[in-house]
Structures are given as structure tokens and as C-alpha cells.
Amino acid sequence: MLRHEAQPGKLIAGSVLILTGILYAGDAGGAWETPWFVAIPLVTGGLCLAGAVALLTGRARRRRQGGRTGADPA
């Protein structure tokens, strides 16, 4: 049994923000050069993608639980 339900939207949002942090940490450490404007489309696009995935996940869960009423009989 799962302890909690998977939330792929949060996984995508966290992954994109971690990637952005890694890019700028590498730039600060001198490993590579990252332009300042890279973060805007990366974070915006990642959060939009995460929102879309969360919306689709929520709709799929509601549709799957639509026929169920009451408590679990077990």
C-alpha cells in the first residue's frame, strides 16, 4: 500500500528549480558561463508544464474515483 499518492506536477516543478540552481551554481563556481536571462524561460516553462501535469493528474484521479461512494469496505 502506498503511504501517499504520487504528485508528478510537484516532481517536475522541483526538478526544474533544482536544474536552474545547478546551472547558476556552475556559473558561480566558474565551471561554465550561464547568461542571466536563462532562468526566466526555464522556470516559467517548467512551472507551466508542472501545472499542466498537475491538472491532468487531478482530472484522471477524479475520473477514476467517480464511481466510488462511501468508505472502503475492507
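Please refer to the structure placed before this passage.
In this report, we go over the structure that sits alongside the text. Because the structure is predicted, anything quoted here is derived from the model rather than measured.

## Topic: the overall build of the chain
Secondary structure assignment for the chain yields 2 helices and 0 strands. Looking at the chain residue by residue over its 74 residues, the buried ones come to 14%. Taking the intrachain contacts of the chain between residues at least 6 apart in sequence as the baseline, contacts between residues at least 24 apart amount to 50%. Just so you have it, the chain exposes about 6100 Å², and 66% of that area is on carbon and sulfur atoms.

## Describing the packing of aromatic side chains
Counted according to the given criterion, the structure contains 1 aromatic pair. When the ring of W36 is compared with that of F37, the centres are 5.7 Å apart and the planes differ by 90°; the resulting orientation is edge-to-face. In this structure W36 comes out as exposed when scored by relative accessible area, which is 66%. Given the relative accessible area of 47%, F37 is considered partly exposed.

## Considerations on helix α1 (residues 8–29)
Between its first and last C-alpha atoms α1 spans 31 Å; for 22 residues at 1.5 Å apiece the expected length is 32 Å, and the two agree. Every buried residue of α1 is accounted for by G9, A13, V16, T20 and G26. Projected down its long axis, α1 carries its buried residues within an arc of 160°, all on one side. Facing away from the buried side of α1 by over 90 degrees, the exposed positions are K10, L11, I18, A28 and G29. Looking at the buried side of α1, the elements it contacts are α2 (39–64).

## Re the pattern of salt bridges
Following the criterion strictly, the structure yields 1 salt bridge and no others. For the salt bridge of E5 with R61, the shortest nitrogen-to-oxygen distance reads 3.6 Å. Placement of E5 in the segment before α1 and of R61 in helix α2 is noted, with a sequence separation of 56 residues between them. By relative accessible area, which is 46% here, E5 ends up partly exposed.

## Points about the environment of V38
By the element assignment, V38 lies in the loop between α1 and α2. A sequence separation of 14 residues divides V38 from Y24, and the C-alpha atoms of the two residues are 9.5 Å apart. In contact with V38, not counting residues within four places along its chain, are L23 and Y24.

Conventions adopted
Residues numbered from 1 in each chain as written. Predicted model: local features only at pLDDT ≥ 70, side-chain atom pairs only at ≥ 80, totals over all residues. Heavy atoms only, no water. Helix = DSSP H or I, 4+ residues; strand = E, 2+ residues; numbered from the N terminus. Buried < 20%, exposed > 50% of the residue type's maximum accessible area, 1.4 Å probe, protein only. Contact = heavy atoms within 4.5 Å. Areas by Shrake-Rupley, 256 points an atom, 1.4 Å probe, with all protein chains shown as cover. Phe/Tyr/Trp six-rings, centres within 6.5 Å; stacked < 30°, edge-to-face > 60°. Expected span 1.5 Å × (residues − 1). Arc of directions from axis to C-beta. Salt bridge = Lys/Arg side-chain N within 4 Å of Asp/Glu carboxyl O.

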